[in-house]
Amino acid sequence: RRHTRYGTVTGVQTCALPIYIGAKVKNFNPDVVLVNGFPDHLVGIIRAFRPLGLIRNDNTMGSFDLLDASTLLSKEEIEGISVSTPLFMLNPTPEFTNWTKKFKEKFNREPYYTDAFAYDMVNIINDAAKRLQSPSSSSSKEWIDKIMATDFKGLTGNLKFDKDGDLIIPLELSKYTNGQLTPSK
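Notes on the structure follow. (Residues numbered from 1 in each chain as written. Predicted model: local features only at pLDDT ≥ 70, side-chain atom pairs only at ≥ 80, totals over all residues. Heavy atoms only, no water.)

Considering the nonpolar core
Logical step 1: Formed by 32 residues in total, the largest nonpolar core has its most connected members in Ile 46, Phe 49, Leu 66 and Ile 78.
Logical step 2: Top element by residues in this core is helix α2 (residues 39–49). It accounts for 6 residues.
Logical step 3: Aside from chain neighbours lying at most four places away, what touches Leu 66 is Leu 42, Ile 46, Ile 78, Ile 81, Ser 82, Val 83 and Tyr 176. (Core = buried A, V, L, I, M, F, W, Y, C linked by side-chain atoms within 4.5 Å. Buried < 20%, exposed > 50% of the residue type's maximum accessible area, 1.4 Å probe, protein only. Helix = DSSP H or I, 4+ residues; strand = E, 2+ residues; numbered from the N terminus. Contact = heavy atoms within 4.5 Å.)

Listed below in C-alpha cells is the structure:
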C-alpha cells in the first residue's frame with residue numbers, strides 16, 4: 001500500500017496494485033529494490049516489477065517470506081534476487097537432511113523454513129518442561145525463565161535466546177541462481 005523514494009513496497013494486497021506501484025517506483029529509477037510482504041504479495045510484486053526492469057541482477061533483496069514465495073515463482077522470475085537466509089538452509093546438517101526426508105514422506109511436500117523452526121520451538125518447550133519441577137503447576141514466569149535458559153543443538157542450529165528474548169538465528173545473505181539459493185560472495 002505504500003512506496004518510498006527508495007523503492008520499498010510493503011503489504012501489496014491486490015493483483016493490479018503491484019503493477020500500479022511498479023510504474024510509480026520506475027519513475028524513481030531506484031538502484032536498490034527491497035521487497036517485503038507475505039508470499040502471495042511478493043509473487044505479485046516480483047511479477048509486476050521484473051518486466052518493468054525494476055528487478056535486475058543483484059539489485060533486489062527480499063524478506064524471509066521470499067523463501068516461501070520462491071516456490072510459487074519460476075527460476076527466471078526469482079533469478080538474482082537476494083534474501084537473508086537461515087544458515088541451515090544453505091549448509092544443511094545430516095540431522096536436517098534426515099528430518100527433511102521424513103517430513104516429505106509424511107506430508108508429501110517440501111518443508112518450509114518455518115516448519116523447521118516450529119519443530120525446534122516444540123522441542124524448546126519440551127526441554128523447558130523437563131527442567132521444571134512441576135510443569136503443570138509452574139507459573140508463567142517459571143516457564144519463561146526456563147525457555148530463556150534454553151541452550152542446546154536443534155534442527156536449525158544452536159538454540160539460544162538473547163537478552164531481549166529473541167532466538168539467535170545464524171543468517172547468511174544468499175541469492176537465487178538458476179532457481180537455487182547460493183551464498184552471496
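Overview of the packing of aromatic side chains
Logical step 1: For the structure on display, the rule yields 8 aromatic pairs.
Logical step 2: Between Phe 88 and Phe 117, the ring centres sit 5.3 Å apart and the planes meet at 85 degrees, which makes this aromatic pair edge-to-face. One end of the pair, Phe 88, is in helix α5 (residues 87–90); the other, Phe 117, is in helix α7 (residues 113–131), and 29 residues separate them in sequence.
Logical step 3: Judged by its relative accessible area of 6%, Phe 88 is buried.
Logical step 4: You can call Phe 117 buried: its relative accessible area is 13%.
Logical step 5: Each member of the aromatic cluster is reached from another via a ring pair, and the members are Phe 64, Phe 88, Phe 96, Trp 99, Phe 103, Phe 107, Tyr 113, Phe 117 and Tyr 119. (Phe/Tyr/Trp six-rings, centres within 6.5 Å; stacked < 30°, edge-to-face > 60°.)

Describing the pairing of strand β3 (residues 33–36)
Logical step 1: Of the two faces of β3, the one lined by Val 33 and Val 35 is fully buried and the one lined by Leu 34 and Asn 36 carries no buried residue.
Logical step 2: Across 3 bridges, the pairing between β3 and strand β4 (residues 60–62) is parallel. Pairing of Val 35 across the sheet is with Gly 62, part of β4.
Logical step 3: For the segment spanning β3, α2 and β4, crossover handedness is right-handed. (Pairing = 2+ DSSP bridges. Right-handed = clockwise from strand over helix to strand, strands pointing away.)

Considering the pattern of salt bridges
Side chains that carry opposite charge are capable of pairing whenever their charged atoms lie near each other.
Logical step 1: On inspection of all chains with the given rule, the structure shows 8 salt bridges.
Logical step 2: Close ionic contact of Glu 77 with Arg 47 constitutes a salt bridge, the shortest N to O distance being 2.7 Å. With a gap of 30 residues between them, Glu 77 in helix α4 (residues 75–78) and Arg 47 in helix α2 connect regions that are remote in the sequence.
Logical step 3: Arg 47 sits in the partly exposed class, given a relative accessible area of 42%. (Salt bridge = Lys/Arg side-chain N within 4 Å of Asp/Glu carboxyl O.)

Here we look at the side chain of Asp 115
Logical step 1: Structurally, the position occupied by Asp 115 is in helix α7.
Logical step 2: At 2.7 Å, the side chain of Asp 115 forms a polar contact with the backbone nitrogen of Tyr 112.
Logical step 3: Those residues in contact with Asp 115 that sit more than four places away from it in its chain are Trp 99, Phe 103 and Arg 109. (Polar contact = N/O pair within 3.5 Å; in protein donor to acceptor, adjacent residues only side chain to side chain.)

In short, geometric facts, not functional conclusions.
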